[in-house]
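Here's the letter readout for the chains.
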Amino acid sequence: MKKRPIEFTITSKLNGTLARTGIIKTPHGIIETPAFIVGGTKATVKTLNPDQVKDLGGQAVLVNSYHLMLRPGTELIKSAGGVHNFMNFNGPIFSDSGGFQVFSLGMAYKKGIDATSHSKKGDSSQAVNSKTQLTRVTDDGVFFRSHLDGSKLFMKPEDSMEVQHLIGADIHMCFDELTSPLAKRDYIKQAMDRTHAWADRCLIKHEELNEVHLGLSEPLQALYGVVQGAREEDYRKESAKYLGERNFDGYGIGGVFEPEEISNTVRWVNEILPENKPRHLLGMGAQPADLFLGAEYGIDTFDCVAPTRQARNAALFTLNGRINIKNSCFEKDFGPIDKDCDCYTCKNFTRAYIRHLFMADEILGLSLATIHNERFVVRTVDNIRESIKDGSFFEYKKDFLERYYGIDRAKDFLA
Ligand SMILES: [Zn+2]
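Bear in mind that the values here come from a model prediction, so they are computed numbers and not experimental data.

1. Let's talk about the overall build of the protein
In step 1: Looking only at helices and strands, the protein features 16 helices and 16 strands.
In step 2: Against the globule reference of 22 Å for 415 residues, the protein gives a C-alpha radius of gyration of 21 Å, in line with a compact fold.
In step 3: With the C-alpha coordinates aligned to their principal axes, the bounding extent of the protein is approximately 60 × 50 × 50 Å.
In step 4: Here the protein holds 415 residues, and the buried ones make up 55% of them.
In step 5: Of the roughly 17,300 Å² of accessible surface on the protein, a fraction of 50% belongs to carbon and sulfur atoms.
In step 6: For the protein, the distance from the average position of its 52 positive side-chain charges to the average position of its 55 negative side-chain charges is 3 Å.

2. Quick look at the packing of helix α7 (residues 185–215) against helix α8 (residues 233–244)
In step 1: Where α7 contacts α8, the axes come no closer than 11 Å and their chain directions differ by 10°. In terms of orientation, α7 lies roughly parallel with respect to α8. Only Asp234, Tyr235, Glu238, Ser239, Tyr242 and Leu243 of α8 make contact with α7, whose side of the interface consists of Arg185, Ile188, Lys189, Met192, Asp193, His196, Ala199 and Asp200.
In step 2: A class-by-class count of the residues in the contact of α7 with α8 yields six nonpolar, two polar and six charged.

3. Side note on the coordination of the zinc ion
In step 1: Looking at the metal site, the zinc ion is ligated by Cys341 (SG), Cys343 (SG), Cys346 (SG) and His372 (ND1), spaced 2.1 to 2.3 Å from it.
In step 2: The site at the zinc ion holds four donor atoms, and with the angles between them running 99 to 120°, its shape is tetrahedral.
In step 3: Motif for the zinc ion, donor spacing along one chain: C-x1-C-x2-C-x25-H. When sorted by exposure, Cys343 lands in the same class as Cys346, which is buried.

4. Thoughts on the confidence of the model for the protein
In step 1: Counting all residues, the mean pLDDT for the protein is 92, and 93% of those residues have values of 70 or more.
In step 2: Below a pLDDT of 50 lies the segment residues 108–131, which in the model reaches 51 contacts outside its immediate sequence neighbourhood of four places, other chains included.

5. A closer look at the packing of helix α6 (residues 157–167) against α7
For any two helices packed against each other, the geometry is given by the interaxial angle and the distance between the axes.
In step 1: Running from amino to carboxyl end, α6 crosses α7 at an angle of 35°, the nearest separation of the two axes being 8 Å. In this structure, α6 meets α7 at a crossing whose hand is right-handed. The segment α6 lies against α7, with Pro157, Glu158, Met161, Glu162 and His165 engaging Trp198, Arg201, Cys202, Lys205, His206, Leu209, Asn210 and His213.
In step 2: Residue composition of the contact of α6 with α7, grouped by class: five nonpolar, four polar and four charged.

6. Considering the environment of Thr135
In step 1: Relative to the helices and strands, Thr135 resides in the loop between α5 (99–108) and β7 (136–137).
In step 2: The class for Thr135 is buried, based on a relative accessible area of 0%.
In step 3: Distance from Thr135 to Leu414, taken between C-alpha atoms, is 40 Å for residues 279 residues apart in sequence.

7. Here's the deal with the side chain of Arg279
In step 1: Within the secondary structure layout, Arg279 lies in strand β13 (residues 279–281).
In step 2: One buried charged side chain, Arg279, makes no salt bridge at all; its nearest oppositely charged neighbour is Asp300, positioned 4.8 Å away.
In step 3: In this structure the side chain of Arg279 is engaged in a polar contact, spanning 3.3 Å, whose partner is the backbone oxygen of Asn270.
In step 4: If sequence neighbours within four positions are ignored, Arg279 has contacts with Arg20, Tyr251, Asn270, Leu273, Pro274, Gly298, Ile299, Asp300 and Thr301.

8. Digging into the pairing of strand β15 (residues 315–318)
In step 1: Burial along β15 is two-sided: the face carrying Ala315 and Phe317 and the face carrying Leu316 and Thr318 are both buried.
In step 2: Sheet analysis places β15 next to strand β16 (residues 321–324), joined by four bridges and oriented antiparallel. Its bridge partner lying in β16, Thr318 is registered against Gly321.
In step 3: Linking β15 to β16, which pair antiparallel, is a turn of two residues.

9. Remarks on helix α9 (residues 259–270)
In step 1: With twelve residues, α9 ought to run about 16 Å at 1.5 Å a step, and its terminal C-alpha atoms sit 17 Å apart, in line with that.
In step 2: For α9, the set of buried residues is Glu261, Ile262, Ser263, Thr265, Val266, Trp268, Val269 and Asn270.
In step 3: Lining the buried residues of α9 we find β11 (222–227), α8, β12 (250–253), β13 and α10 (288–296).

10. Here we look at helix α14 (residues 363–390)
In step 1: Over its 28 residues, α14 runs 41 Å from end to end, which matches the ideal 40 Å to within 8%, given 1.5 Å per residue.
In step 2: By the criterion of burial, α14 is predominantly enclosed, with 21 of the 28 residues buried.
In step 3: Gly391 lies just past α14 and shows a positive phi near 80°.

11. Concerning the nonpolar core
In step 1: Core analysis: the biggest nonpolar cluster contains 109 residues, and Phe36, Phe94, Leu281 and Phe302 have the highest contact counts within it.
In step 2: No other element matches α14, which puts nine residues into this core.
In step 3: With near-sequence residues (within four places) excluded, Phe94 lies in contact with Ile31, Ile37, Ala60, Val61, Leu62, Val63, Ala169, Ile171, Met173, Tyr224, His280 and Thr301.
In step 4: Formed by five residues, the second largest nonpolar core is a distinct cluster that contains Ile188, Met192, Ala230 and Tyr235.

12. A few points about the sheet that holds strand β2 (residues 20–26)
In step 1: Strand order in the open sheet made by the three strands is β1-β2-β3, with antiparallel pairing throughout. Two strands lie at the open edges of the sheet, namely β1 (7–13) and β3 (29–33), each paired on one side alone. Here the average twist between neighbouring strands, direction ignored, is 15°.
In step 2: By the bridge criterion, five bridges tie β2 to β3 in an arrangement that is antiparallel. Bridging from a neighbouring strand, Ile23 pairs with Glu32 of β3.

Here is what the cut-offs are and how they apply
For every chain, the first residue of the written sequence is number 1, and numbering continues from 1 onward in sequence order. In keeping with the model being predicted, local features are shown solely for residues with a pLDDT of at least 70 and side-chain atom pairs are shown and tallied solely at 80 or more, while totals for entire chains, interfaces and linings include all residues. Only hydrogens and water are removed before side-chain values are computed, so all heavy atoms of the structure are retained for them. A run of H or I in DSSP counts as a helix once it spans at least four residues, and a run of E counts as a strand once it spans at least two, with each numbered from the N terminus. All radius of gyration figures rest on C-alpha atoms, and the globule criterion is 2.2 Å times the number of residues raised to 0.38. A 1.4 Å probe rolled over the protein chains alone gives each residue an accessible area, and that area as a share of the maximum for its type sets the label: buried under 20%, exposed over 50%, partly exposed in between. Here the accessible surface of atoms and residues is derived via Shrake-Rupley with a 1.4 Å probe, and residues count as covered only by protein chains that are part of the display. As used throughout, the charge tally considers Lys and Arg to be positive and Asp and Glu to be negative, leaving His and the chain termini uncounted. To locate a charge, the coordinates of NZ of Lys, CZ of Arg, CG of Asp or CD of Glu are taken. Where helices are involved, their axes are fitted lines through C-alpha atoms of the stretch in contact, as for all axes, and angles between N-to-C directions lie from 0 to 180°. When describing relative orientation, an angle under 35 degrees is termed roughly parallel and one over 145 degrees roughly antiparallel, while 65 to 115 degrees is termed roughly perpendicular and anything else oblique. It only takes one pair of heavy atoms within 4.5 Å for two residues to be counted as in contact. In this classification, Asp, Glu, Lys and Arg are treated as charged, Ala, Val, Leu, Ile, Met, Phe, Trp, Tyr, Cys and Pro as nonpolar, and every other residue, Gly included, as polar. A donor here means an N, O or S atom no more than 2.8 Å from the metal, or no more than 3.2 Å when the metal is Na, K or Ca. Since water is not included, a site may seem to lack partners. Here a site with four donors is tetrahedral if all angles are between 85 and 135 degrees, and a site with four or six donors is square planar or octahedral if opposite donors are over 155 degrees apart and the other angles are between 65 and 115; anything else gets the irregular label. Along the chain, pLDDT gives the predictor's confidence residue by residue, from 0 to 100. If you view the pair so one helix is near and one far, a crossing is left-handed when the near helix is turned anticlockwise from the far one by less than a right angle, and right-handed when it is turned clockwise. Note on definitions: salt bridges are taken to be side-chain nitrogens of Lys or Arg within 4 Å of carboxyl oxygens of Asp or Glu. Under the rule applied, a polar contact is a pair of N or O atoms within 3.5 Å (in protein, one hydrogen donor and one hydrogen acceptor; residues adjacent in sequence only if both atoms are side-chain atoms). Two strands qualify as a pair provided DSSP detects at least 2 bridges between them. In a helix, the anticipated span is given by 1.5 Å times the number of residues less one. By nonpolar core we mean a set of buried residues, namely Ala, Val, Leu, Ile, Met, Phe, Trp, Tyr and Cys, connected to one another through side-chain atoms within 4.5 Å.

Structure below.
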């Protein structure tokens, strides 16, 4: 296929690092990178409408295939003209493969992950509980249960590609096997090899489905290979090499659970992946430091549901650290959440009012808090991008992290 679904151009690089700025051109507009991709799990950014997402600077959103497949169903989204029409967001949209939820929610349906199932040599099962076998991996795909009603389902790489093409996002992810943070090295290797075999199958199916779009004059979709290998340096490098040699439009880095893992994992991988393809850190943690470390080691896009989730739990970001707006010290505080914030909420409402909304369980509070937290993260990544362009990245990183975490704790991220 000659025409590529997306184009990526590197616009600047930071000397002596892997950090770069760039532009991803998609059928639904451009993304200036590094960029924070707003979490749109069930084809909605929780508590916000699409205009609010755009107003706070959100360039793109990421929807979850697993959730949409179960409800409302991907055929329905296709009938609505695809996910852009369905949710009325006309900017770029990413979809994940469903793999993360199949492994995390499928397992969580009853018991949660049982680490002992990984210790048996040659055991290809990640079953939660040997009696109920809620999630079972085979070389062909994964048996799992719906977290909604417990019904038995099966997903293979080709199914994930079909699901994502029906949803119709601009950038798709390969179906991969996520291992538990407690998985043993031999199991991590098995899962990685399976992830690679699945990536090859995804690519074949994806190109076949793109040919159909081409025949119907519909926009083409891009596919990212997803690098796995958990915390093992040799496996991460092997995974980056294997996938990097294949014709993906970009790359996702999956299974990075802890902030301490980000610098190393991302560096191992990005030193090997082809430089001219965009890289996405899948479902990163909730720490602002992660954004700096990711960008420094060559991440172009990030996604994370933490800013919205924390906002709904009254945990709000400020440049001086995170606050809980329900705290009694804010009862008569008539200043904004963050005096240096340019968001709609900070321009129009006080801490005392937002605290009141939370204490009274008023839904406006959730929405105002979400606007603020999302804007905080989006703006931080926008500032990171500008600082890479003008060479002030390390200065900005130091100032930001020392103010946010305090000088002592910031040292962990500045070493
Ligand atoms: Zn604000």
